[in-house]
Structures are given as C-alpha cells and as structure tokens.
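Examination of the molecular architecture
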Amino acid sequence: MTRDINDAIKESFNKSNEFRKQIETYSRSVRNAFWAIVAAGHERKLDWYFIRDNGHYEVRGGHNPVENAAAEKCFLGLQFQRDCIKFTINDTYRSGEIGNEIRAYKDKYISADNAPGICQAMTSFPQGDHGYLPNDYRKP
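The structure displayed is predicted, hence computed values, not measured ones.

**Observations regarding the pattern of salt bridges**
Counted by the stated rule, this structure contains 1 salt bridge. A salt bridge links R60 to E58, with the shortest nitrogen-to-oxygen separation between them at 3.4 Å. In this pair, the class of R60 matches that of E58, namely buried.

Structure below.
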C-alpha cells in the first residue's frame, strides 16, 4: 500500500466532521491501528462507511455501497467506544465465507499489538468489487 492511497483513505474519512471529531479523541497508537485495518480492508475492496447506530459511532466494511439497501450487511465493524475502538465481525452475514483467522480478533479492542494480526487475517474476508470509501462512493 503506497503512501498516496493511505492519504486518500484518511482524506475520504476526514471529510466528515463527525468522524474527525471522534477519531481525534483516541491515542495515536489506536488511530494508527485503525488506519492500518481500514487500509487492509481497502486492499480487499471492502466498501467502508461511517454511521451512527443507536447513538454510537461505528465504521463498517462490507461489499455494498452506502447507497445500496444491502449496505447494512457488512463483514466487520470498528465500534467507537469511550477510550478504545472495538473490532467486531458480523457472524450472520455470509459467515461461511469468513475464515477462522479473523474470528480470533472478534470483539477485541484494536491496538498497535494486534493490528498487524488483524490486517494479515483480512484475507479471511471475500474479495469485494468496489472498495468505496466514505464520502467518495458516488465517484466513478
């Protein structure tokens, strides 16, 4: 992954003031782990979006653009909690296609220690078709 694509990923997410306010509350190591995980998911062409679900912020990755009604079906989530970001997996959506390597990280808080393992295990998710980023999904 080149520096350019990492910058493009951050730029896309940071177009949202809500997102920017949320991510800045975390330590540098947690933010770096977050960006590494999103970049690894982007390599798998997951479609990313930032949502507010029942008052809680979350970044989700799946195989459907945000404008698609099926966007709620995602493979993973990064839930923004008070002092940490929790990595979650949607076991019910295409669960037979998600490998056991990534399941080891389900419901774990992301950190500099486990981010490389999560990134490596991203190959457990099926390859997507788009790789849309938040705020850019309408672009060709």
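Having seen it, we continue.
**Observations regarding the nonpolar core**
Grouped together as the largest cluster of nonpolar side chains are 35 residues, with contacts concentrated most on F13, F34, L78 and I110. Listing elements by their share of this core, those giving two or more residues are α1 (3-14), α2 (17-23), α3 (28-43), β1 (47-53), β2 (56-62), β3 (74-80), β4 (85-89) and α5 (115-121). With 8 residues, the single largest contributor to this core is α3.

**With respect to the confidence of the model for the protein chain**
Predicted confidence across the protein chain gives a mean pLDDT of 83, with 86% of residues reaching 70 or more. Looking at the elements of the protein chain, mean pLDDT is at its lowest for β1, recorded as 83, and at its highest for strand β5 (residues 108-109), recorded as 96.

**What about the packing of aromatic side chains?**
Scanning the entire structure with this criterion turns up 12 aromatic pairs. Seen in terms of ring centroids, F13 and W35 are 5.6 Å apart; in terms of plane orientation they differ by 80°. Their pairing is edge-to-face. Of this pair, F13 sits in helix α1 while W35 sits in helix α3, and the two are 22 residues apart along the sequence. Neither F13 nor W35 differs from the other in exposure class; each is buried.

**A short note on the side chain of H42**
Residue placement: H42 occurs in helix α3. By relative accessible area, which is 15% here, H42 ends up buried. In this structure H42 touches I5, I9, W48, G131 and L133, once residues within four positions along its chain are discounted.

**As for the pairing of β2**
Of all 7 residues that make up β2, 6 are buried, and the element is covered over most of its length. Where β2 meets β3, 5 bridges bridge the pair, whose relative direction is antiparallel. Looking at the pairing, G62 lines up with C74 of β3.

**Regarding the sheet that holds β1**
Strand order across the open sheet formed by 5 strands is β1-β2-β3-β4-β5, with antiparallel pairing between neighbours. Sheet topology places β1 and β5 at the edges, where each strand pairs with a single neighbour. Relative to β5, β4 is paired through 2 bridges, and the arrangement is antiparallel. Bridge pairing in β5 places K86 opposite Y109.

Each value, and the rule that gives it
- Residues numbered from 1 in each chain as written.
- Predicted model: local features only at pLDDT ≥ 70, side-chain atom pairs only at ≥ 80, totals over all residues.
- Heavy atoms only, no water.
- Salt bridge = Lys/Arg side-chain N within 4 Å of Asp/Glu carboxyl O.
- Buried < 20%, exposed > 50% of the residue type's maximum accessible area, 1.4 Å probe, protein only.
- Core = buried A, V, L, I, M, F, W, Y, C linked by side-chain atoms within 4.5 Å.
- Helix = DSSP H or I, 4+ residues; strand = E, 2+ residues; numbered from the N terminus.
- pLDDT = per-residue confidence, 0-100.
- Phe/Tyr/Trp six-rings, centres within 6.5 Å; stacked < 30°, edge-to-face > 60°.
- Contact = heavy atoms within 4.5 Å.
- Pairing = 2+ DSSP bridges.

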